[in-house]
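A look at the structure
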Amino acid sequence: MFGTNLLDRRSKPERIADDAWHHLVSAMNTAGDTLRDTTRSARHTSMGLADDAGDLVGSAAEEARRRATRAFDALAGRSPALPWTLLIGAALVGAAIGWAAGTAARAAGSQDRSVDDIEFVDVERPDSPATTDR
């Protein structure tokens, strides 16, 4: 504090103007940073919205093109083509399920189902262990 009065020989209006200038520069830098961040965020959001809209328009255009082609083929009297990909896929899935069921059936049939040694008791015999004295 002692050295500030000796080093600062400016008048009071100059000091006030200098302080005001520093505050203005600081406020502009802060506003610039905030504006830059806001602009970046808005640009990111708008790019995301534009991508979503582009995807939506692209899929709608593709669907419209597919429908127009089918309508043109119907007006020309051509029957729609068979969906070969779907048919081949269904056949492969059916073959895989059949193979799995056959393997499971063979595994279940090949298990040893031998009956353990079971002793059958004849209750009609007089010397049978099942006879009780009544």
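The preceding data block contains the structure.
Residues numbered from 1 in each chain as written. Predicted model: local features only at pLDDT ≥ 70, side-chain atom pairs only at ≥ 80, totals over all residues. Heavy atoms only, no water.

This part is about the overall build of the protein. Within the protein one finds three helices and zero strands. Along the protein, helices (α) and strands (β) appear in the sequence α-α-α when read from the amino end. In the protein, which comprises 134 residues, the share counted as buried stands at 1%. When the accessible surface of the protein is totalled, it reaches about 12,500 Å², and 63% of it is carbon and sulfur. (Helix = DSSP H or I, 4+ residues; strand = E, 2+ residues; numbered from the N terminus. Buried < 20%, exposed > 50% of the residue type's maximum accessible area, 1.4 Å probe, protein only. Areas by Shrake-Rupley, 256 points an atom, 1.4 Å probe, with all protein chains shown as cover.)

Attention now goes to a nonpolar patch on the surface. A grouping of Leu 82, Trp 84, Leu 87, Ile 88 and Leu 92 is seen on the molecular surface, where their side chains present a nonpolar patch of about 550 Å² in accessible area. For Trp 84, the location among the structural elements is in helix α3 (residues 84-109). (Patch = residues over 30% accessible without salt bridge, like charges linked within 9 Å, V, L, I, M, F, W, Y side chains within 5 Å. Salt bridge = Lys/Arg side-chain N within 4 Å of Asp/Glu carboxyl O.)

Summed over the entire model, instances satisfying the criterion amount to three salt bridges. Its salt-bridge partner being Glu 63, residue Arg 66 comes within 2.4 Å of it at the nearest N-O pair. Of the two residues, Arg 66 and Glu 63 are both situated in helix α2 (residues 12-75); the distance of three residues between them amounts to about one turn of the helix. On the basis of relative accessible area, Glu 63 is assigned to the partly exposed category, the value being 28%. Close ionic contact of Arg 67 with Glu 63 constitutes a salt bridge, the shortest N to O distance being 2.9 Å. Residue Arg 67 and its partner Glu 63 are both found in helix α2; the two are separated by four residues, about one turn of the helix. Taking the relative accessible area as the measure of exposure, Arg 67 reaches 57% and is therefore exposed. Several salt bridges share partner residues, and in doing so they unite Glu 63, Arg 66 and Arg 67 into one network.

In short, the description is geometric, and any link to function would need to be established separately.
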